[in-house]
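Single-letter residue listing:
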Amino acid sequence: MKKIITISRVLFILFSFSLSSQTFEVKSIPNPRSANSGFISDPGHYLQSTEIQALNTKLIELENSTTAEFAIVILPSIGSAIPKEFAVELFNYWGIGKKGKDNGLLLL
């Protein structure tokens, strides 16, 4: 049940928070793999640390069992950037997924 609540909270945040004056660019987003070997980048601090920990645990389990890398990025704004183009640029900039495999996923 906690897993459903955490995922629901992430989805709620993704669709409900208002635009902030802080706009992010691809190169300014903290890469969670470099920072803490995790998969969640939440520079606006929308999630609680326990939620980030729970999600990271599940995503690490996913990587260990399938080799897939699933990154989640929660931002207040990407300004006037086109979301799909922004996500593709971030995906490529971070190099999500294993080299030679099609096993990376980014939820922006």
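Fair warning: this is a prediction, and the values are worked out from it, not measured in the lab. (Residues numbered from 1 in each chain as written. Predicted model: local features only at pLDDT ≥ 70, side-chain atom pairs only at ≥ 80, totals over all residues. Heavy atoms only, no water.)

Caption draft 1: Spatial organisation of the pattern of salt bridges. Throughout the structure, instances matching the rule amount to 4 salt bridges. Residue Arg 33 is joined to Glu 63 by a salt bridge in which the shortest nitrogen-to-oxygen separation is 3.4 Å. Placement of Arg 33 in helix α2 (residues 32-36) and of Glu 63 in helix α3 (residues 49-66) is noted, with a sequence separation of 30 residues between them. By relative accessible area, Arg 33 is classed as partly exposed at 34%. In this structure, Glu 63 engages Lys 98 in a salt bridge whose closest nitrogen and oxygen atoms are separated by 2.6 Å. In this pair, Glu 63 sits in helix α3 while Lys 98 sits in the loop between α4 (83-94) and β3 (104-107), placing the two residues 35 residues apart along the sequence. Among the residues examined, Lys 98 registers a relative accessible area of 28% and is labelled partly exposed. Among the ionic contacts, a cluster of salt bridges with common partners joins Arg 33, Glu 63, Glu 69 and Lys 98. (Salt bridge = Lys/Arg side-chain N within 4 Å of Asp/Glu carboxyl O. Helix = DSSP H or I, 4+ residues; strand = E, 2+ residues; numbered from the N terminus. Buried < 20%, exposed > 50% of the residue type's maximum accessible area, 1.4 Å probe, protein only.)

Caption draft 2: Geometry of the pairing of β3. Pairing between strand β2 (residues 69-73) and β3: 4 bridges, direction parallel. Within the sheet, the bridge partner assigned to Ala 71 lies in β3 and is Leu 106. Following the backbone out of β2, through α4 and into the adjacent parallel β3, one traces a crossover that is right-handed. (Pairing = 2+ DSSP bridges. Right-handed = clockwise from strand over helix to strand, strands pointing away.)

Caption draft 3: Quick look at α3. The end-to-end C-alpha distance of α3 is 25 Å, a good match for the 26 Å that 18 residues give at a rise of 1.5 Å each. Taken residue by residue, α3 has Glu 51, Leu 55, Asn 56, Leu 59 and Glu 63 as its buried positions. Projected onto a plane normal to the axis of α3, the buried residues spread over an arc of 125 degrees and lie on a single side. Opposite its buried face, α3 presents the exposed residues Gln 53, Asn 64 and Ser 65, each directed more than 90 degrees away. Thr 67 sits one or two residues past α3 and shows a positive phi near 70 degrees. (Expected span 1.5 Å × (residues − 1). Arc of directions from axis to C-beta.)

Caption draft 4: Main features of the sheet that holds β3. Strand order in the open sheet formed by 3 strands is β1-β2-β3, with parallel pairing between adjacent strands. Strand pairing shows two members of the sheet lacking a second neighbour, β1 (40-41) and β3, which therefore form its edges. Running at roughly 135 degrees to β3, α4 makes contact with β1, β2 and β3 of the sheet. (Contact = heavy atoms within 4.5 Å. Axes fitted to C-alpha atoms, helices over the stretch in contact; angles between N-to-C directions.)

Caption draft 5: Region of interest: the pairing of β2. The buried count for β2 comes to 4 of 5 residues, which makes it a mostly enclosed element. Inspection of the sheet shows β1 paired to β2 by 2 bridges, in the parallel sense. Following the sheet pairing, Ile 40 is matched in β2 by Ile 72.

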